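# Reading the structure
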Amino acid sequence: MTVTVRPETADDEAAVAHVHAAAFGDDLVPRLVDRLRERPAPLAPQGFVAVVDGEIAGHVMNTASWLDAPRALVDVLVLSPLGVLPRHQRRGLGTLLVATAIEAADQAGAPLLFLEGDPAYYRERGFQPGEPSASASRACASRTPRSRS
Ligand SMILES: CC(C)(COP(=O)(O)OP(=O)(O)OC[C@H]1O[C@@H](n2cnc3c(N)ncnc32)[C@H](O)[C@@H]1OP(=O)(O)O)[C@@H](O)C(=O)NCCC(=O)NCCS
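Right, let's walk through the structure included here. Values in this document were obtained by computation on a predicted structure and should not be read as measured data.

What counts as what
Residues numbered from 1 in each chain as written. Predicted model: local features only at pLDDT ≥ 70, side-chain atom pairs only at ≥ 80, totals over all residues. Helix = DSSP H or I, 4+ residues; strand = E, 2+ residues; numbered from the N terminus. Buried ≥ 20, exposed ≤ 12 C-beta atoms within 10 Å, placed from the backbone. Arc of directions from axis to C-beta. Contact = placed C-beta atoms within 7 Å. Core = buried A, V, L, I, M, F, W, Y, C linked by C-beta atoms within 7 Å. Near = placed C-beta within 6 Å. Nonpolar A, V, L, I, M, F, W, Y, C, P; charged D, E, K, R; others polar. Pairing = 2+ DSSP bridges. Axes fitted to C-alpha atoms, helices over the stretch in contact; angles between N-to-C directions. Parallel < 35°, antiparallel > 145°, perpendicular 65-115°, else oblique.

### Some words on the overall build of the chain
When you go through the chain residue by residue, the secondary structure sums to four helices and seven strands. Relative to its full complement of 149 residues, the chain shows a buried share of 32%.

Structure follows, in structure tokens:
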């Protein structure tokens, strides 16, 4: 099995939509990815695909968001979505894609990388759970880039 991770291109869009439809079970996430790609943003979207023996089997994306800090709105990145084709899961592709997304956020100089996801998965892959919040319906986590920690 040959696995590579590379930046996504426009030619990958159909395969990426297929990955998320299969991973999440409907077309909600593929439509979210389309909206995230076309949204004007201060930090450019960063998308990566995992390719297994020539087939796109996984995808991850970092997109821009804002942290409403006391003195200013701060440009940050959000890791979402992350998906792997069901038949390629539990082979390390998700871990590889998360590591790639973290590295890309570091390279872009993002002060924080956020996500909403299962702490049981992301804690072991470099994220720290956020404080529980009565208004948050899903667990949040963040990662401070190596250069600033
Ligand atoms: C989550 C996902 C991306 C992981 O991809 P993957 O390629 O299987 O990940 P890896 O092979 O690197 O890691 C697999 C391990 O993570 C574990 N894992 C998967 N989802 C998990 C979760 N929600 N919580 C805790 N552990 C989880 C698996 O049980 C497996 O553990 P094992 O190695 O001890 O058997 C994949 O399961 C997926 O696409 N799921 C559906 C979409 C989704 O939920 N995306 C994440 C949104 S936050």
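### Some points on helix H2 (residues 28–38)
Residues of H2 that are buried: Val29, Pro30 and Val33. All buried residues of H2 lie within an arc of 105° about the axis, which places them on one face of the element. Turned more than 90 degrees off the buried face of H2, the exposed positions are Leu28, Arg35 and Glu38. Packing partners of the buried residues in H2 comprise helix H1 (13–24), strand E3 (55–68) and strand E4 (73–84).

### Regarding the nonpolar core
Val60, Leu79, Leu97, Ala101, Ala105, Leu113 and Leu115 are the most contacted members of the largest nonpolar core, which totals 32 residues. Listing elements by their share of this core, those giving two or more residues are H1, H2, strand E2 (46–52), E3, E4, helix H3 (93–108) and strand E5 (113–116). In contact with Val60, other than residues within four places in its own chain, are Phe48, Leu79, Leu82, Leu97, Val98, Thr100 and Ala101.

### As for the environment of Ala15
Turning to its location among the elements, Ala15 is positioned in helix H1. Put simply, Ala15 and Val49 are 34 residues apart on the chain and 9.5 Å apart in space, counted from C-alpha to C-alpha.

### With respect to the site of the ligand
Near the ligand lie 16 residues; those nearest to it are Gln89, Gly94, Thr95, Gly117 and Asp118. At the level of secondary structure, the elements contributing two or more residues to the shell around the ligand comprise H1, E4, H3 and helix H4 (119–122). Partitioned by chemical class, the residues of the shell around the ligand number seven nonpolar, six polar and three charged.

### Some points on the pairing of E2
It is a general feature of regular strands that their side chains alternate between the two faces of the sheet. Counting buried positions along E2 yields five of seven residues, so the element is predominantly enclosed. With five bridges joining them, strand E1 (residues 3–7) and E2 adopt antiparallel strand pairing. By the bridge assignment, Arg6 is partnered in E2 with Val49. Examined bridge by bridge, E2 and E3 share seven bridges and lie antiparallel to one another. If you follow Val52 over to E3, its bridge partner there is Glu55. Connecting the antiparallel pair E2 and E3 is a turn made up of two residues, with Asp53 showing a positive phi of about 45°.

### Thoughts on the packing of H1 against H2
Interaxial distance between H1 and H2 falls to 7 Å at its minimum, and their mutual angle equals 140°. What the angle tells us is that H1 and H2 run oblique. Side by side, H1 and H2 meet where Val16, Ala17, His20, Ala21 and Phe24 of the first sit next to Leu28, Val29, Pro30 and Val33 of the second. Looking at the contact of H1 with H2, its residues break down into eight nonpolar, one polar and no charged.

### Quick notes on the pairing of E4
Pairing between E3 and E4: 10 bridges, direction antiparallel. From the neighbouring strand, Asp68 faces E4, where its bridge partner is Leu73. The antiparallel hairpin formed by E3 and E4 contains four residues in its connecting segment. Two strands pair when backbone bridges link them, and E4 and E5 are joined in this way by two bridges, in the parallel orientation. Considered in E5, the bridge of Val78 is made with Phe114.

By themselves these figures say nothing about function.
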